[in-house]
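# Fold and contact review
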Amino acid sequence: MSFSVLDHYKGFVLNSFIKKDINQINLLNKISLIWNNYNKNNFFFKKKKKKGIYLYGSVGTGKTFLLSLFSQYSKVGKKIHFNHLMNGVHDALNSNTNNNKLETFIRNLCKDIKIIFIDELHIFNIVDALLVKKIFLLLEENNMFVMTSS
């Protein structure tokens, strides 16, 4: 018997930690389907795979909870808050170590994981927008599956 992310969710409902929400259940089903399709190797058809999920919604709808739940279920991911990610990026860019500072930072961030969960993605200035674009391109080059929420 296989234990799924929905089983995790149902455990939280049964223990009265959360109330059952059909929208959250539907979302977890979609995330699971996308993740399973991402991991499939189809040698006959080279269909473009979705390489990430952007989760958005109102405050208090459970976006961070669902990301954390899927993170625990997948066991191959890393969750990072957007502010911490950008602090690390800016620290790497301001260091005097090498010319490929951002590439090295992203490569190190991606070690031993397949999914990166970026929580609370908010971009307020053009410089960060350009950096985030480069970060996502580098994550794609490192074959990362990216899940974000805002």
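Overview of the structure.

Counted under the stated rule, the structure contains two salt bridges. Residues Lys 51 and Glu 140 are paired through a salt bridge, measuring 3.9 Å at the closest nitrogen-oxygen approach. Remark: Glu 140 occurs in helix H6 (residues 126–141) and Lys 51 occurs in the loop between helix H2 (22–39) and strand S1 (52–55); sequence separation between them is 89 residues. Relative accessible area serves as the criterion here: at 36%, Lys 51 is assigned to the partly exposed category. In this structure, Lys 134 and Glu 103 form a salt bridge, with 3.8 Å as the shortest nitrogen-oxygen distance. Here Lys 134 is found in helix H6, whereas its partner Glu 103 is found in helix H5 (residues 101–109), with 31 residues between them in sequence. Lys 134 sits in the partly exposed class, given a relative accessible area of 36%.

Let's shift gears to the side chain of Ser 71. Structurally, Ser 71 can be placed in helix H3 (residues 63–74). Contact partners of Ser 71, with chain neighbours within four places excluded, come to Lys 79 and Phe 117.

Here we come to the pairing of strand S4 (residues 145–149). Most of S4 sits inside the fold, with five of its five residues counted as buried. What you see with S4 is no split at all: Phe 145, Met 147 and Ser 149 on one side and Val 146 and Thr 148 on the other are buried throughout. In this structure, S1 lies alongside S4, joined through four bridges in parallel fashion. Bridge assignment links Tyr 54 to a residue of S4, and that residue is Thr 148. Strand direction decides the pairing type here: strand S3 (residues 115–119) and S4, joined by four bridges, are parallel. Its bridge partner lying in S4, Ile 115 is registered against Phe 145. Regarding topology, H6 serves as the crossover connection from S3 to the parallel S4, and that connection is right-handed.

Conventions adopted
Residues numbered from 1 in each chain as written. Predicted model: local features only at pLDDT ≥ 70, side-chain atom pairs only at ≥ 80, totals over all residues. Heavy atoms only, no water. Salt bridge = Lys/Arg side-chain N within 4 Å of Asp/Glu carboxyl O. Helix = DSSP H or I, 4+ residues; strand = E, 2+ residues; numbered from the N terminus. Buried < 20%, exposed > 50% of the residue type's maximum accessible area, 1.4 Å probe, protein only. Contact = heavy atoms within 4.5 Å. Pairing = 2+ DSSP bridges. Right-handed = clockwise from strand over helix to strand, strands pointing away.

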